[in-house]
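Here is how the chains run, residue by residue.
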Amino acid sequence: MYRYDNYDQQMLQDRIAQFRDQTRRFLDGELESSQYQPLRLQNGLYIQRLAPMLRVAIPYGCLSSRQLRKLAHIARFYDKGYGHFSTRQNIQFNWPKLPEVPDILAELAEVEMHAIQTSGNCIRNTTTDQFAGVAPREIEDSRPWCEIIRQWSTFHPEFAHLPRKFKIAVCGTEQDQAATQVHDIGLYLTRNFTGDLGFQVLVGGGLGRTPVIGQVIREFLPWQHLLTYLDAILRVYNREGRRDNKYKARIKILVKELGIDAFRDRVEAAWDQGRDGPATLTEDEVRRCKRFFTDPPYESLPDHNAAVAAALATDVRFTNWHDRNVRQHKRPGYRIVTLCLKATGSAPGDLSAEQMDFVAELADRYSFSELRVTHEQNLVLTDVRLQDLPALHAALLREQLATPYTGLLNDMIACPGGDFCSLANAKSIPIAEAIQRRFDDVELQKRIGEITLNISGCMNACGHHHVGNIGILGVDKKGEEFYQVTLGGSSDRKAALGKVLGPSFAQKDMPEVVDKILQVYLARRTADERFIDTYQRIGIEPFQEHVYATTH
Amino acid sequence: MPQLIDVLGNPVENPWLSLAKDATLEEVRQSSDKLLLLPFQLWLAEKAALLATGKTFGVWLDSDQSCELLAGDLGLLPLVALNFPTFMDGRHYSSAVVLRQQMQYDGDIRAIGDVLRDQLFFMKRCGFSSFLLKDSVKLEDAQRGLRDFTTSYQSTVEQPEPLFRRRA
Ligand code: SF4
């Protein structure tokens, strides 16, 4: 993992001192609330429905056990004993007290964490694939590049007051678990025909009110030019992005209005300025950043273990968990293990302070003290020895963290919704829970197979509903909470936006609606088809016919 | 009177008379002031007639006005002021960078309008060299604001070498 040096640490200390003073001025009435608002937002602090909400960055999803223990401490001491992992590799605390927030930030700084630019109209936390560095057949480890972008974007003076928020994702794996194509900028690590490393650059993707898949602005950007090129894109956006209407202010609207070619021309013109200038990356800097992400001291182990084989032959619970939550690792004898935070009855992505401490302990014991958070709101132990799987599974069972549903229906994404969020049209968590209850059966989940179900409480789409195979969006119908369903969304390399099924549904009907959708799929699928494959083959009509024939 | 400070935070005299956005050539002719800060459109429309008055001019730009249109004029203008209608409108951070880096402007770039203490550090790094503080901002607070951070990562006008080239 990246470790701060004196420069990084000093910047963090300066930031805390600055924010402490801003908060004091606000509480003393020296700073108007309209002036304080953007300042607190750039420190991750929202004023929510019930209390302030503090969003803490987990840069590109990498977390150490020491950091997780600190998060547990904050949850316990400053909050109500739990935290919520969001879809953007952040953790949110829903109950901090405003005057204590500078103290929380100071505590976070002790473990090289912060809430910088987790909100507001600025460049947000850069996200990436949770399996970076450990996935087999990786193109390139994205983490050093994310760190380079983190530093470039932190307090970038030119881009502190953009038209709107700005999100960057980097992906170096084949699969893309980072939803790269629905970011303001998406960067795919790639090699050109001579084997040089660079990026395919996408721009203008995003969810929210106007969901768009990003378009390629540059097929191959040599790595040296990463920062100067980002500067150029951001400069064009900062100057020309719309500021008259908050809903038209994202870069995707600018790209759409200009057209990708005209937008590219402007970026190239701006790039002429910075290209080959001092912001051009050096071999030294890349090497320095890569040094933080070298392999841990792996043992050389066989890729077979008798105890695991025996457990797989006899223990159904272990096998179910293993099938879904354990993945191949780049090293023989090691596995990647996902802890699915979707136990029925607990809000997706929520983790109690006790569970955090417990997971930190597991990371120490089984995974070189490191873990990852995923955009599907789960946690990952990246480097578990194959032989440790049975013991790890047993430990997870005790803390309700062995839910065997990773990648299945009940591994759903849900935003905090109307229970917490003041922007919500409708609740998300009770919907998630009702669906989870209805389908909480391993055999049923297995039969349905790989599927994504994403729930957002409003158009802002924090729950990424557009790119769920099944998407659920909370809408307001004459003051009542209704839900609109979309089908066919996907956020991997073949990203697609879901299509609206039809008129929206009442809350109580939602489990039934999902059931009906799945009935069509199960009846029509061929042998190995995943939900999305069947959907793409048969289209939306059969689903519409069945769902509306019987519920309306 | 709003306080003007330089890039180090020292208070300085402001000898410039600033004219409103709808000012006319007539007003310029009748003014007894020698140093006039003109709205951008007036300058673009009446350049020759203005220069004939023998006065010295600066130009101020609103946040939707593009500094590139001053190419060719910059040698005549010792001052370019960039107006922040609200501090959340960040377009002029880029204008300052473009003026300095692309257009090689080495005169005074002044932040005017909603200029508050919490943005001064960033403005300074983008190449602003003077700041007309909003009335509510106290001098010592502004001076502190200019020093909010001890170091920064990026390549900027103020410090072209990014931290990664300076890191020991
Ligand atoms: S999608 Fe809407 S309701 Fe859900 S967290 Fe985002 S803003 Fe709040």
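Residues numbered from 1 in each chain as written. Chains lettered and ligands numbered in written order. Predicted model: local features only at pLDDT ≥ 70, side-chain atom pairs only at ≥ 80, totals over all residues. Heavy atoms only, no water.

1. Focus: the overall build of chain B
Right, on to step 1. The helix and strand tally for chain B stands at six helices and seven strands.
Right, on to step 2. The helix and strand sequence of chain B, counted from the amino end, reads β-β-α-β-α-β-β-α-β-α-β-α-α.
Right, on to step 3. The C-alpha extent of chain B, read off along each of the three principal axes, is 55 × 35 × 25 Å.
Right, on to step 4. Accessible area of chain B: about 7,200 Å², with a carbon and sulfur share of 51%.
Right, on to step 5. Once the 18 positive and 22 negative side-chain charges of chain B are each reduced to a mean point, those two points are 6 Å apart. (Helix = DSSP H or I, 4+ residues; strand = E, 2+ residues; numbered from the N terminus. Areas by Shrake-Rupley, 256 points an atom, 1.4 Å probe, with all protein chains shown as cover. Lys, Arg positive; Asp, Glu negative; His and termini not counted. Charge placed at Lys NZ, Arg CZ, Asp CG, Glu CD.)

2. Some remarks on the site of the ligand
Right, on to step 1. The local shell around the ligand consists of Cys415(A), Pro416(A), Gly417(A), Cys421(A), Leu423(A), Ala424(A), Ser456(A), Gly457(A), Cys458(A), Asn460(A), Ala461(A) and Cys462(A).
Right, on to step 2. Grouping the amino acids of the shell around the ligand by side-chain chemistry returns eight nonpolar, four polar and no charged. (Near = heavy atom within 4 Å. Nonpolar A, V, L, I, M, F, W, Y, C, P; charged D, E, K, R; others polar.)

3. Describing the interface of chain B and chain A
Right, on to step 1. Facing the 41 residues of chain B at the interface are 45 residues of chain A.
Right, on to step 2. Carbon and sulfur atoms make up 56% of the surface buried where chain B meets chain A, a total of about 3,600 Å² over both sides.
Right, on to step 3. When the area that chain B buries against chain A is broken down by residue, the three leading residues are Tyr153(B), Phe164(B) and Arg167(B), summing to 20%.
Right, on to step 4. One can count six salt bridges joining chain B with chain A. (Contact = heavy atoms within 4.5 Å. Buried area = accessible area lost by both parts, 1.4 Å probe. Salt bridge = Lys/Arg side-chain N within 4 Å of Asp/Glu carboxyl O.)

4. Comments concerning the sheet that holds strand E6 (residues 127-128) of chain A
Residue and element names in this part refer to chain A.
Right, on to step 1. Taken in spatial order, the five strands of this open sheet run E6-E7-E8-E9-E10, and their pairing is mixed. Here the strands that pair on one side only, and so sit at the sheet edges, are E6 and strand E10 (215-222).
Right, on to step 2. Note that strand E7 (residues 168-171) and strand E8 (residues 185-191) share four bridges and pair parallel. What sits directly across from Ala 169, in E8, is Gly 186.
Right, on to step 3. In the packing of helix H5 (residues 143-153) onto the sheet, the strands contacted are E6, E7, E8 and strand E9 (197-203), and the crossing angle to E7 comes to about 160 degrees. (Pairing = 2+ DSSP bridges. Axes fitted to C-alpha atoms, helices over the stretch in contact; angles between N-to-C directions.)

5. Some remarks on the sheet that holds strand E6 (residues 108-113) of chain B
All names here are of chain B.
Right, on to step 1. A sheet is described by the order of its strands in space; here seven strands give the open sequence E1-E7-E6-E5-E4-E3-E2, paired in mixed fashion. Two strands lie at the open edges of the sheet, namely strand E1 (4-6) and strand E2 (17-18), each paired on one side alone.
Right, on to step 2. The pairing of E2 with strand E3 (residues 35-39) spans two bridges and is classified as parallel. Note that in E3 the partner of Ser 18 across the bridge is Leu 37.
Right, on to step 3. Sheet contacts for helix H2 (residues 40-52): E3 and strand E4 (56-61); angle to E3, the most-contacted strand, approximately 135 degrees.
Right, on to step 4. Where helix H3 (residues 91-102) meets the sheet, it contacts E4, strand E5 (79-84) and E6, and its direction lies at approximately 160 degrees from that of E5.

6. Digging into the packing of helix H14 (residues 429-438) of chain A against helix H16 (residues 510-524) of chain A
Residues and elements named next belong to chain A.
Right, on to step 1. One can describe the packing of H14 onto H16 by two numbers: an axis separation of 9 Å at closest approach and a directional angle of 55 degrees. Between H14 and H16, the angle falls in the class oblique. For the pair H14 and H16, the crossing hand works out as right-handed. Residue-level contacts link Ile 431, Ala 434, Ile 435 and Arg 438 of H14 to Met 510, Pro 511, Glu 512, Val 514 and Asp 515 of H16.
Right, on to step 2. Of the residues in the contact of H14 with H16, the class split is six nonpolar, no polar and three charged. (Parallel < 35°, antiparallel > 145°, perpendicular 65-115°, else oblique. Left-handed = near helix turned anticlockwise from the far one by under 90°.)

7. Things to note about unusual backbone geometry
Right, on to step 1. Even without being glycine, Arg137(A) reaches a positive phi, approximately 55 degrees.
Right, on to step 2. Even without being a glycine, Asp176(A) presents a positive backbone phi close to 65 degrees.

8. Description of the side chain of Gln130(A)
All names here are of chain A.
Right, on to step 1. Structurally, Gln 130 can be placed in the loop between E6 and H5.
Right, on to step 2. Given a relative accessible area of 4%, Gln 130 falls into the buried group.
Right, on to step 3. A polar side-chain atom of Gln 130 sits 3.2 Å from a polar atom in the side chain of Glu 376. (Buried < 20%, exposed > 50% of the residue type's maximum accessible area, 1.4 Å probe, protein only. Polar contact = N/O pair within 3.5 Å; in protein donor to acceptor, adjacent residues only side chain to side chain.)

9. Comments concerning the pattern of salt bridges
Right, on to step 1. Scanning all chains against the criterion turns up 55 salt bridges over all chains.
Right, on to step 2. With a closest N to O distance of 3.7 Å, Arg150(A) and Asp8(A) form a salt bridge. A residue pair is termed long-range when its members are at least 10 positions apart, and Arg150(A) in helix H5 and Asp8(A) in helix H1 (residues 6-27) qualify at 142 residues.
Right, on to step 3. As a salt-bridge pair, Lys134(B) and Asp114(B) come within 3.2 Å of each other at their nearest N and O atoms. In this pair, Lys134(B) sits in the loop between strand E7 (130-132) and helix H5 (139-145) while Asp114(B) sits in the loop between E6 and helix H4 (120-126), placing the two residues 20 residues apart along the sequence.
Right, on to step 4. Residue classification places Lys134(B) among the partly exposed residues on the basis of a relative accessible area of 36%.
Right, on to step 5. Given a relative accessible area of 11%, Asp114(B) falls into the buried group.
Right, on to step 6. When salt bridges that share partners are traced, they join Asp21(A), Arg24(A), Arg25(A), Asp28(A), Glu30(A), Arg117(B), Asp118(B), Asp141(B) and Arg144(B) into one network.

10. With respect to helix H7 (residues 251-258) of chain A
Residues and elements named next belong to chain A.
Right, on to step 1. Listing the buried residues of H7 in full gives Ile 251, Lys 252, Ile 253, Leu 254 and Val 255.
Right, on to step 2. Buried residues along H7 sit in contact with E9, E10, helix H6 (226-240) and helix H8 (260-274).
Right, on to step 3. Downstream of H7 by a residue or two, Gly 259 has a phi angle that is positive, lying close to 90 degrees.

11. Overview of the domain arrangement of chain A
Residues and elements named next belong to chain A.
Right, on to step 1. The assigned domain composition of chain A is domain 1 (6-109), domain 2 (127-292), domain 3 (306-398) and domain 4 (413-550).
Right, on to step 2. For domain 1 and domain 4, the distance between their C-alpha centroids amounts to 33 Å.
Right, on to step 3. Taken residue by residue, the interface counts 10 residues in domain 1 and 11 residues in domain 4.
Right, on to step 4. Between domain 1 and domain 4, a total of about 810 Å² is buried, with carbon and sulfur atoms accounting for 50% of that surface. (Domains from an automatic or database assignment.)

12. So, the packing of aromatic side chains
Right, on to step 1. Using the criterion set out here, one finds 24 aromatic pairs over all chains in the structure.
Right, on to step 2. Aromatic side chains Phe84(B) and Phe128(B) sit 5.8 Å apart centroid to centroid with 45 degrees between the ring planes, which places their arrangement in the tilted category. Residue Phe84(B) is located in strand E5, and its partner Phe128(B) is located in the loop between H4 and E7; the two are separated by 44 residues in the primary sequence.
Right, on to step 3. Note on Phe128(B): relative accessible area 1%, which makes it buried.
Right, on to step 4. An aromatic cluster of three or more residues is present, and its members are Phe155(A), Phe121(B), Phe122(B) and Phe149(B).
Right, on to step 5. If you follow Arg209(A) out to its NZ or CZ, it ends over the ring of Tyr247(A), 3.7 Å from the centre. (Phe/Tyr/Trp six-rings, centres within 6.5 Å; stacked < 30°, edge-to-face > 60°. Lys NZ or Arg CZ within 6 Å of the ring centre and 35° of its normal.)

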